[in-house]
Amino acid sequence: MWIPTEHEKYGVVIASFRGTVPYGLSLEIGDTVQILEKCDGWYRGFALKNPNIKGIFPSSYVHLKNACVKNKGQFEMVIPTEDSVITEMTSTLRDWGTMWKQLYVRNEGDLFHRLWHIMNEILDLRRQVLVGHLTHDRMKDVKRHITARLDWGNEQLGLDLVPRKEYAMVDPEDISITELYRLMEHRHRKKDTPVQASCHHLFVQMKSLMCSNLGEELEVIFSLFDSKENRPISERFFLRLNRNGLPKAPDKPERHCSLFVDLGSSELRKDIYITVHIIRIGRMGAGEKKNACSVQYRRPFGCAVLSIADLLAGETKDDLILKVYMCNTESEWYQIHENIIKKLNARYNLTGSNAGLAVSLQLLHGDIEQIRREYSSVFSHGVSITRKLGFSNIIMPGEMRNDLYITIEKGEFEKGGKSVARNVEVTMFIVDSSGLPLKDFISFGAGEPPASEYHSFVLYHNNSPRWSELLKLPIPVDKFRGAHIRFEFRHCSTKEKGEKKLFGFSFVPLMQEDGRTLPDGTHELIVHKCEENTNLQDTTRYLKLPFSKGIFLGNNNQAMKATKESFWITSFLCSTKLTQNGDMLDLLKWRTHPDKITGCLSKLKEIDGSEIVKFLQDTLDTLFGILDENSQKYGSKVFDSLVHIINLLQDSKFHHFKPVMDTYIESHFAGALAYRDLIKVLKWYVDRITEAERQEHIQEVLKAQEYIFKYIVQSRRLFSLATGGQNEEEFRCCIQELLMSVRFFLSQESKGSRALSQSQAVFLSSFPAVYSELLKLFDVREVANLVQDTLGSLPTIMHVDDSLQAIKLQCIGKTVESQLYTNPDSRYILLPVVLHHLHIHLQEQKDLIMCARILSNVFCLIKKNSSEKSVLEEIDVIVASLLDILLRTILEITSRPQPSSSAMRLQFQDVTGEFVACLLSLLRQMTDRHYQQLLDSFNTKEDLRDFLLQIFTVFRILIRPEMFPKDWTVMRLVANNVIITTVLYLSDALRKNFLNENFDYKIWDSYFYLAVIFINQLCLQLEMFTPSKKKKVLEKYGDMRVTMGCEIFSMWQNLGEHKLHFIPALIGPFLEVTLIPQPDLRNVMIPIFHDMMDWEQRRSGNFKQVEAKLIDKLDSLMSEGKGDETYRELFNSILLKKIERETWRESGVSLIATVTRLMERLLDYRDCMKMGEVDGKKIGCTVSLLNFYKTELNKEEMYIRYIHKLYDLHLKAQNFTEAAYTLLLYDELLEWSDRPLREFLTYPMQTEWQRKEHLHLTIIQNFDRGKCWENGIILCRKIAEQYESYYDYRNLSKMRMMEASLYDKIMDQQRLEPEFFRVGFYGKKFPFFLRNKEFVCRGHDYERLEAFQQRMLNEFPHAIAMQHANQPDETIFQAEAQYLQIYAVTPIPESQEVLQREGVPDNIKSFYKVNHIWKFRYDRPFHKGTKDKENEFKSLWVERTSLYLVQSLPGISRWFEVEKREVVEMSPLENAIEVLENKNQQLKTLISQCQTRQMQNINPLTMCLNGVIDAAVNGGVSRYQEAFFVKEYILSHPEDGEKIARLRELMLEQAQILEFGLAVHEKFVPQDMRPLHKKLVDQFFVMKSSLGIQEFSACMQASPVHFPNGSPRVCRNSAPASMSPDGTRVIPRRSPLSYPAVNRYSSSSLSSQASAEVSNITGQSESSDEVFNMQPSPSTSSLSSTHSASPNVTSSAPSSARASPLLSDKHKHSRENSCLSPRERPCSAIYPTPVEPSQRMLFNHIGDGALPRSDPNLSAPEKAVNPTPSSWSLDSGKEAKNMSDSGKLISPPVPPRPTQTASPARHTTSVSPSPAGRSPMKGSAQSFTPSPVEYHSPGLTSNSPVLSGSYSSGISSLSRCSTSETSGFENQVTEQSAAAPGPGPSCGGAEEPGRKDSKTPPPYSVFERTLRRPVPLPHSLSIPVAAEPPALPPKPLAARPSHLENGTRRTDPGPRPRPLPRKVSQL
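No experiment lies behind these values; they were computed from the predicted model shown.

Structural notes on the sheet that holds strand β24 (residues 424–431)
So, point 1. Here we have five strands laid out as an open sheet, ordered β25-β24-β27-β28-β30, and antiparallel in their pairing. Since the sheet does not close on itself, it has two edges, and those belong to β25 (453–455) and β30 (528–529), each with one partner.
So, point 2. Bridge count for strand β27 (residues 484–492) against strand β28 (residues 500–509) is nine bridges, and the pairing is antiparallel. When the bridges of β28 are listed, C492 appears paired with K500.

Set out below in structure tokens:
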């Protein structure tokens, strides 16, 4: 049975549990669980990380922990009772764990490893805490380390700053907000600004001395030297080295290193040096022999110097090598370091070339205890301490020192009868009063134990030696009296004995007879002569002698004058017990000389402070002793002396002696009667303040009042204890009178007297310190009233001295911080006076920093949940006094500009934050009663309105992100909680006072604006938090966004008809709120939009405003990353449900649908933009959105913005052609006008003309970079026209040169033709703009199908590639997946004019093959019926799919959607016809290229001939004969008669072509290929015989016919003729049937190499006549600014059609044929319709007639074009515009031809006639001027598409590339031309009836003229026709779907709507 647990409530999982049992709860090791019930070894509960899932788990898997339970029962909360630091560590490490793994994923290796180390450290420290064996101090230390590491990790990971108090986390609810702010600020400052250490230490470690000539022991002496003051500032560090230059005592490391301590910041400067003096111990001369002398001397060796500034740059532990120098003259040794510092090079040199001192130096910062902690390893090994000379900057009480520093300076000695100067050595002893030497009190330096005697170094032959050696004598105080120092002088002989001979001595006593010690300074001592045998043991004999030349004893005066020898020393005493000051001794011994008391008290002020503090207690005892002795006489003097001593302790140097005085007052002070005199004298001074002229002394007294009161109070207490409390009333009266005097002097206005105001300031500075003393004797209320009266007496006028005002405020601040204020009783008394002064200062906006501090302290004492009456009353007082002024202050300081300096800015932020914290504290403390009282206190509605506006504005400021640092989430959440609570209170006031007739728009608007920005705050977006953080926030505060959202909805509902004031202004803000991913908030807020629509509908009958605002805001908000798919669905469902019953439901549904569709596109756009590189998805998505804005929303500005976004994407992807087309969209919205345009995007303010000019130039540049030069030429012309109209010839010249350069590039530079691919995107997982749609994409240069397919799979990594080309079924469409179907398609060029024309170079034609393409096709071969194994061609059908795009390629995107599909099936016979047509055309092309020598190599022709002839012999066309020429097929397919005839004609034609091809081949074939040629000729005869052909006419000539114009042309005869290689006409034969054809290779046709070469050549010839009449010729094209047609084609289309040419919508690089891979390229052809002989004869007899020229790349239907006006648009063909002169991009220009004389039967119009230019191609030929009576014969044409089958079987695997349609013919010779013969049969001629019925003139005439017609040009780039066009036939009602206006497709044959007027952009 399951029993609720009592104690087992909380545990940690110690082993993972899979939860495989029924109701089992899956747990991971380390999870924390809350236990609800137990049963037989099982627990039931939940993991705290997921409290919603409950289950059972074994009790053995859980380690129980102690916990306390809150709210026992269903909703109980378990809190572990472990140390709060442990709890924090655990939760923090859990959060870090997840983020730590993410660091690895993001490749942030450095932080990953550092965090790993920190986490391990924390875990280790956690174990130490949990074990519980730490001492209290160690525990504190461990916690400090833990919290430091936690804070570091949080900061590195961008987590929140944790407020802590004594290392434990603080609950913001348990402390006031001001205290919380201070804790946060403290931690923030600690993190940002490390405290500069005021104390520094230098660590020195001696390593070795490197020198080649050592061999003797050395002494190394380190010290710090101040070169500015020329004196040492530290003691010495002394170290002995052995003969190898290494430290002598390796076992004692403390002797190798030292710490120079207590260096102040002022001593870290460049003129402080580390000096190293090296003394050798050995013979007198360094080079003497060993046996010369056995005695050793101390001799100078060398010196090294280093500036301490060198260490400041980099505190390195690396060893330094210091150069060692020696002075040139030994007598200058004493100042060698100064010479080195001054760089007096002449006085010293290096001791040796390799001499160097290896030392390790490091500067350490912080107090000595901190150094001990942080560098414990240094101290654990031992280190000697080297002090500063004298006391440190701060003297600590209890510091015991008695050090006498003696510097052996110099001596002056006589020769002593010697011829040379002496070698003097000084020996020093300390001798005590009994005459015995003191042992071990001479210290050479730190690191060396003290010695009993000292021997100086010896200077060779020097009677005036200078040593400057510093020694320390740490002599105990008790040994000082009577002791003296004796100096003995010896001459050191250099003879063999090496004896030291005594020749004199000096001495100096340490203490004088009056008790004073030896004074500091230099002393010249007398050298007393003596011999070695003189007995110096008896000190009494020489102590009576004079010791110094400054002190002589009477009768010995004359004797002393005779001595010439002297010895100088400098002494310096550093003692806390002994004094050198006689006045100090006189004062302390006042009882022995009572008559000197007055003088001693007067001299006290002149005594050095360090002397006074040394004897502080003795001095104080003396003063109070004198006061007790005679208070009348000495009272005033003692008081002044006491004041002097008290103020001395204010000095920072002696500040630490205050505790000494406090201890004295508490424990040693015994003046029970002193209080009377002290009060009396103090009152006397206070009373004199207003009268005295000089107030310096009075100010000194006032400064000391704290300690004066301490003495008064302690004295009174002692008196009360002694007398049982006598004279209590008298004492109170004295105090009252004293304070009355104070109040009087405080109330006086200075009136220009600065001295008075200074005295007032001094008193106020120290007055708060008196409170605690008064509390020792008086009741709290009494003291509070005294203080209130005193502070209340201050003058309140603000124009008085500013410094006094500041001091006054500081006094108030100290009062608030005092113990007196903490008591509630006294606080209530003091609060009004505090608030009064604060109010005055805040009103004047003065001393804001101090005001903020005082207010913070006021609120720190008021805890959050204090409901005591006193607290409520205090809040009442504060609200009444300060709330209004506090709001105004915050508004004022936040509106100021921030200071520029960082320090001032920090201060500014601090004061702002403190005021904000105070306001929040006050608001949090306010209860319902307070709010009610506040609202009732406003007399008028205006006052209430101003208050509400003010507080709403302040709240908006508090919500700003910059108000608190970004990691202060705790503070922000507290602030938000206070704000929302206050807003809920104030919203009632808003409803009650400002609705209906009192409605106030401004205040309601302010309210809604505040609510919106409150909800949108980053710190409230819980979705961004970690789960644990989110859980904590929800538990503590709930989701404040939902609360505020409900409040917004409630307030909105209350508005009623006033809602109209906020429509549409609030739509954007509310929309932003609804985009927050919080379901409850969305459900509350979205219905408001329905309400807005309803009210807008009532007001204006529609809701256009609502729609416009929604759309505008959606774009900007969603681009910021807001909103999601769930929101779109929710928005749609909620609003649709809301409007179900509305009368305006239909328009509402429309709006919702529009907005929803926009959201779909925006979400797709945002998702695409998140990706790194530019890919097709991004561009496609942008195009979709751009089209949506134009066509559905008509938002021009957004449309233009997205045009530029798309442009930027194209540039980034280097799609320059697409970029140009994109920018052209904006260009089309502008006119050539002077209308001013505003600044927009990156465009400056300029005229419309200037912007359009700039756009034109940018577009031309992009067309140039994209190799789309034809389009660039058109734009060059347009802008040139503008320059010409403005006579801007300079720019005109540049533009014409640019145009010319583009023509050159067309002819000279190589262009690559891209491949095109059809892509189907199937499945619901694709973005909306791709889902279940098919597109055609233009591939990149050199990109083949495999590469393209891989690229698409990379862009859609989750997509599945479909392996077939069939249309997918519905299951694929609806699948929750992504399917890609990709295959190559063939482009069908739109414009045929240029492609059909003879002599146009391939460079030009290649552009038209792959640009402005609307239509693409794809062929799929299949077998219908039973497949014949012997001959598969009998059943081989082809399914041809034609795809029509919404826009032509290239365009603003690399891909466009397929708008329409057409599928037709081609029979096997039609298939065969097409194959033969293609092969014939290919042969003709190769033969033509060979003849004109365009081929460098004859191999392609050889391979093609071999492939056709060999295939024909071995099967080839004979298979067609077997399949289609047999009787069975002819009988069963009677309808195919003409097609069978056409097939036979093609076979015969192929034989003719082959025969001529062999003739040409023979002419050019190289010698080594002759055998192959002979084989081909033999096989050809076999092939002819198989076809039943015997011989062609023998009259055929072998040589081709030459034409005057230098290009191969057809003979102008009226009937076609079969030609022999000799070129003679013999046999008139029928024209070939007109069928679209596909160029395929037979199974044995070409090798891969030949295939590549053959397929890369585009055929140009058109008829058999042409094939047999070829010669090399250059192109006759010429360049001009107008366009004209092929020289042999005259258009019969209406001239209006020519003047308003066809739109060509897209441009892109075309691939040069010669660069293709071994694959067949597209090459389609169009064939003239076969006609009856009678009709043929009619054609032949008409003088001007000719068949249309065939284009090798187009099938018949493509030639029958009907050029129609069109314009640029993105509306997918849904909007037509007539822009006949708008200058839009059109089909590129064709070189113009000279106008020819036309037959009078035809009307022809010349377009911009100009002389024909010369082509730059090879060869020279005369300009061709054809005769008007020459005829053209119908010719053979062919088509060569991309292969989509295999190469192995050119016949069996077919791909057709053009829709089967027939050409229309028209005879325009007479007005009866409508009766001209109609077209022949067609496979795909479904559109023909429409054309006939509408009398549509076909685009090309059946009669060729010598006059050239213009190529159809897109209207946007058309050039107006100069001449008036002739009368036109009516426009067709039905046009081909491939040629629609606006550059788009349409499927309906109906008339186009009337063009709309073009919109001109305002941007």
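Overview of unusual backbone geometry
So, point 1. Between I1063 and the following residue, P1064, the backbone shows a cis peptide bond with an omega angle of 10°.
So, point 2. For P1064, the location among the structural elements is in the loop between α35 (1040–1055) and α36 (1067–1074).
So, point 3. You will see that Y1287, though not glycine, has its phi angle at about 55°, which is positive.
So, point 4. Position of Y1287 relative to the elements: it lies in the loop between α46 (1269–1285) and α47 (1289–1308).
So, point 5. The phi torsion at N1332 lies on the positive side, around 55°, for a residue other than glycine.

As for the sheet that holds strand β21 (residues 356–365)
So, point 1. The five strands are arranged β18-β21-β11-β15-β22 in an open sheet whose pairing can be described as mixed. Lying at the two open borders of the sheet, with one neighbouring strand each, are β18 (319–323) and β22 (384–386). Pairs of neighbouring strands in the sheet enclose a mean axial angle of 35°, with direction left out of account.
So, point 2. The pairing of strand β15 (residues 257–264) with β22 spans three bridges and is parallel. Note that in β22 the partner of F260 across the bridge is T386.

Some details on the nonpolar core
So, point 1. Counting residues in each nonpolar core, the largest one holds 305 residues, and the members touching the most others are Y711, F915, W1004, F1008, F1070 and F1089.
So, point 2. Beyond its immediate chain neighbours, meaning those up to four positions away, Y711 contacts L620, F624, L642, I646, M661, Y664, I665, F669 and L678.
So, point 3. Y348, F429, L473 and F567 belong to the second-largest nonpolar core, a separate cluster that totals 60 residues.

Some words on the pattern of salt bridges
So, point 1. Applying the stated rule across the entire model yields 96 salt bridges.
So, point 2. In this structure, E216 and R283 form a salt bridge, with 3.6 Å as the shortest nitrogen-oxygen distance. Of this pair, E216 sits in the loop between β11 (199–210) and β12 (217–226) while R283 sits in the loop between β16 (272–282) and β17 (297–307), and the two are 67 residues apart along the sequence. Accessibility classification places E216 together with R283 in one group, the buried group.
So, point 3. Its salt-bridge partner being R1338, residue E1218 comes within 2.7 Å of it at the nearest N-O pair. Separated by 120 residues along the polypeptide, E1218 in helix α44 (residues 1216–1228) and R1338 in strand β35 (residues 1333–1338) bring together distant segments of the chain. Taken as a pair, E1218 and R1338 share a single burial class, namely buried.
So, point 4. Put simply, E219, R236, R240, R298, E448 and E469 are held in one network by salt bridges that share partners.

Some details on the packing of helix α56 (residues 1537–1564) against helix α57 (residues 1570–1587)
So, point 1. Viewed as axis vectors pointing N to C, α56 and α57 meet at an angle of 160°, and their least axial separation amounts to 11 Å. Relative to α57, the element α56 lies roughly antiparallel. The handedness of the crossing between α56 and α57 comes out as left-handed. Residue-level inspection shows M1547, Q1550, A1551, L1554, E1555, L1558, H1561 and E1562 of α56 in contact with α57, the latter providing R1570, H1573, L1576, V1577, F1580, M1583, K1584 and L1587.
So, point 2. Here the contact of α56 with α57 is composed, by residue class, of nine nonpolar, three polar and four charged.

Observations regarding the side chain of H930
So, point 1. The residue H930 is located in helix α30 (residues 928–936) in this model.
So, point 2. Beyond its immediate stretch of four places on either side in the chain, H930 contacts L872, I875, D876 and Q925.

With respect to the pairing of strand β3 (residues 32–39)
Remark: a regular strand shows side chains that alternate across the two faces of the sheet.
So, point 1. With seven of its eight residues buried, β3 lies for the most part within the structure.
So, point 2. For strand β1 (residues 3–4) and β3, the ladder comprises two bridges, and the chain directions are antiparallel. Opposite I3, over in β3, you have K38 as the bridge partner.
So, point 3. By the bridge criterion, six bridges tie β3 to strand β4 (residues 42–47) in an arrangement that is antiparallel. Its bridge partner being in β4, V33 is matched across the sheet by A47.
So, point 4. The hairpin turn running from β3 into β4, its antiparallel successor, is two residues long, and D40 in that turn takes a positive phi close to 45°.

Some details on α57
So, point 1. Here α57 spans 26 Å end to end across 18 residues, near enough to the 26 Å set by a 1.5 Å rise per residue.
So, point 2. Regarding α57, the residues found buried are H1573, L1576, Q1579, F1580, M1583, K1584 and L1587. Buried residues of α57 fall within an arc of 150° about the axis and therefore sit on the same side. Turned more than 90 degrees away from the buried face of α57, the exposed residues are P1571 and K1574.
So, point 3. G1588 lies just past α57 and shows a positive phi near 85°.

Examining the packing of aromatic side chains
So, point 1. A full pass over the atoms with the stated rule returns 67 aromatic pairs.
So, point 2. Relative to W968, the ring of Y181 lies with its centre 5.5 Å away and its plane at 70°, an arrangement referred to as edge-to-face. Of this pair, Y181 sits in helix α4 (residues 177–192) while W968 sits in the loop between α31 (941–959) and α32 (969–993), and the two are 787 residues apart along the sequence. Neither Y181 nor W968 differs from the other in exposure class; each is buried.
So, point 3. Look at F669 and Y711: their rings are 5.2 Å apart centre to centre, the planes differ by 75°, and that puts the pair in the edge-to-face class. Residue F669 is located in the loop between α16 (658–668) and α17 (674–688), and its partner Y711 is located in helix α19 (residues 705–723); the two are separated by 42 residues in the primary sequence. Across the pair, Y711 and F669 agree in class, each one buried.
So, point 4. What links up through ring pairs into an aromatic cluster is the set F952, F999, Y1001, W1004, Y1007, F1008, W1052, F1062 and F1070.

Cut-offs applied
- Residues numbered from 1 in each chain as written.
- Predicted model: local features only at pLDDT ≥ 70, side-chain atom pairs only at ≥ 80, totals over all residues.
- Heavy atoms only, no water.
- Pairing = 2+ DSSP bridges.
- Helix = DSSP H or I, 4+ residues; strand = E, 2+ residues; numbered from the N terminus.
- Axes fitted to C-alpha atoms, helices over the stretch in contact; angles between N-to-C directions.
- Core = buried A, V, L, I, M, F, W, Y, C linked by side-chain atoms within 4.5 Å.
- Buried < 20%, exposed > 50% of the residue type's maximum accessible area, 1.4 Å probe, protein only.
- Contact = heavy atoms within 4.5 Å.
- Salt bridge = Lys/Arg side-chain N within 4 Å of Asp/Glu carboxyl O.
- Parallel < 35°, antiparallel > 145°, perpendicular 65-115°, else oblique.
- Left-handed = near helix turned anticlockwise from the far one by under 90°.
- Nonpolar A, V, L, I, M, F, W, Y, C, P; charged D, E, K, R; others polar.
- Expected span 1.5 Å × (residues − 1).
- Arc of directions from axis to C-beta.
- Phe/Tyr/Trp six-rings, centres within 6.5 Å; stacked < 30°, edge-to-face > 60°.

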